[in-house]
Amino acid sequence: MKWWNIAAALAVLAGGADAEILMMSHDFTEFQHPFWATEADGKGDLIQWDLTDRNGGGSVWLNADGFFNNHLDRQYTAHGFRYGIKRIPGAPVDDISDFITNDWIQHHRDGAVEFGGNDSRGMVEFYAERDVSLQPGFLTVTLSNDREYAVWKFNGRVVYTHENRENNLQTFRIDIPDGLGQMRFEFSGSGTADGVIERIEYHEYSTVPEPSLGDLIDLIGW
């Protein structure tokens, strides 16, 4: 039995095509496009920042100051993707006029999306959404969290609850046996929770039939 026969057998067992990288934001790596966002909720101009001249990407802020500017809940589009930010105040009613926070979505240079809460009072909710056309397969999704309590959902289903009060980075497998036409990530948690969609890989189920034991024996040369 020769080593290259073993390598060939392992390759057959692995099967499938190389992973396709998917993003939930535009890729600003080449600095070719400035960041722009367009409001999608009829509530007026967004507070947004183009960071092309710095490290690439951009951000949108939810500048909430009580119930007086309709900025406790905003939705917008950017470069073909859809996003939302919502602040759920925890302050007493008598203090709501003094409630000020700057929650945000950061669009990183490499296409990663960061959700960030900035006030310990209350809760935050975010989403990122896009259309896709994926055949049956599976996703490997890498998410990171800070120390705060948070819940991640994918297309309405909870995929991870962060409760250990430690910074972490984890990768999850999400099977899509019927394919997929839309991807929606939702992040919710305590008022200062921070979470990042770091990386998404799509793997199409292999169409190559699995080899039989006899096929492998013939291939290896026993």
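Here the structure is a predicted model, which is why all the values come from computation and not from measurement. (Residues numbered from 1 in each chain as written. Predicted model: local features only at pLDDT ≥ 70, side-chain atom pairs only at ≥ 80, totals over all residues. Heavy atoms only, no water.)

(A) Layout of the nonpolar core. By size, the foremost hydrophobic cluster in this structure holds 40 residues, and its most contacted members are Y76, F115, L134, L139, M183, I197 and I200. Ranked by residues supplied to this core, first place goes to strand 9 (residues 123-134) with five residues. If we ignore the near neighbours within four places in the chain, the residues touching I200 are E20, I21, L22, M24, L139, T140, V141, M183 and F185. (Core = buried A, V, L, I, M, F, W, Y, C linked by side-chain atoms within 4.5 Å. Buried < 20%, exposed > 50% of the residue type's maximum accessible area, 1.4 Å probe, protein only. Helix = DSSP H or I, 4+ residues; strand = E, 2+ residues; numbered from the N terminus. Contact = heavy atoms within 4.5 Å.)

(B) Focus on the environment of G195. Mapped onto the elements of the fold, G195 is located in strand 15 (residues 194-204). Sequence spacing of G195 and A150 is 45 residues, and the spatial spacing of their C-alpha atoms is 8.1 Å. The residues contacting G195, other than those within four sequence positions of it, are V113, E114, F115, S144, W152 and F187.

(C) Examining the side chain of R130 more closely. Within the fold, R130 resides in strand 9. Buried within the structure, R130 lacks any salt-bridge partner; its nearest side chain of opposite charge belongs to E20, at an N-O separation of 6.6 Å. Looking at R130, its side chain comes within polar contact range of the main-chain oxygen of M23, at 2.8 Å. For R130, the contacting residues outside a window of four places in its chain are L22, M23, M24, F81, R82, Q182 and M183. (Lys, Arg positive; Asp, Glu negative; His and termini not counted. Salt bridge = Lys/Arg side-chain N within 4 Å of Asp/Glu carboxyl O. Polar contact = N/O pair within 3.5 Å; in protein donor to acceptor, adjacent residues only side chain to side chain.)

(D) Just the pattern of salt bridges, in detail. Applying the stated criterion to the full structure yields nine salt bridges. Ionic pairing is found between R121 and D119, a salt bridge with its closest N-O pair at 3.1 Å. R121 gets classed as partly exposed once you look at its relative accessible area, which sits at 30%. The exposure class of D119 is buried, given its relative accessible area of 10%. A network of salt bridges, in which partner residues are shared, links R82, E129, D131, R184 and E186.

(E) Here's a closer look at the environment of P136. Tracing the chain through its elements places P136 in the loop between strand 9 and strand 10 (137-145). Not counting the four nearest positions on each side in its chain, P136 is found in contact with I176, P177, D178, G179, Y202, E204 and Y205.

(F) Seen up close, unusual backbone geometry. Positioned with a positive phi, H79 is a non-glycine residue whose angle comes to about 55 degrees. By secondary structure assignment, the location of H79 is in the loop between strand 5 (73-78) and strand 6 (81-88). Located in the positive-phi region is N155, a residue other than glycine, with phi close to 50 degrees. Turning to its location among the elements, N155 is positioned in the loop between strand 11 (150-154) and strand 12 (157-162).

(G) Summary view of the environment of V132. Note that V132 resides in strand 9. When residues no more than four places from it in sequence are discounted, the contact partners of V132 are L180, G181, Q182 and M183.

(H) Summary view of the pairing of strand 6. Where strand 5 meets strand 6, six bridges bridge the pair, whose relative direction is antiparallel. Its bridge partner being in strand 6, Y76 is matched across the sheet by Y83. The turn joining strand 5 and strand 6, which pair antiparallel and follow one another in sequence, is formed by two residues; a positive phi near 55 degrees is taken by H79. As defined by bridge partners, strand 6 adjoins strand 9 across seven bridges and the pair is classed as antiparallel. Within the sheet, the bridge partner assigned to I85 lies in strand 9 and is F126. (Pairing = 2+ DSSP bridges.)

(I) Here's a closer look at the confidence of the model for the protein chain. Overall, the prediction assigns the protein chain a mean pLDDT of 83, with 77% of residues at 70 or greater. Scored below 50 in pLDDT, residues 1-16 makes 15 contacts in the model with residues more than four places away or belonging to other chains. (pLDDT = per-residue confidence, 0-100.)

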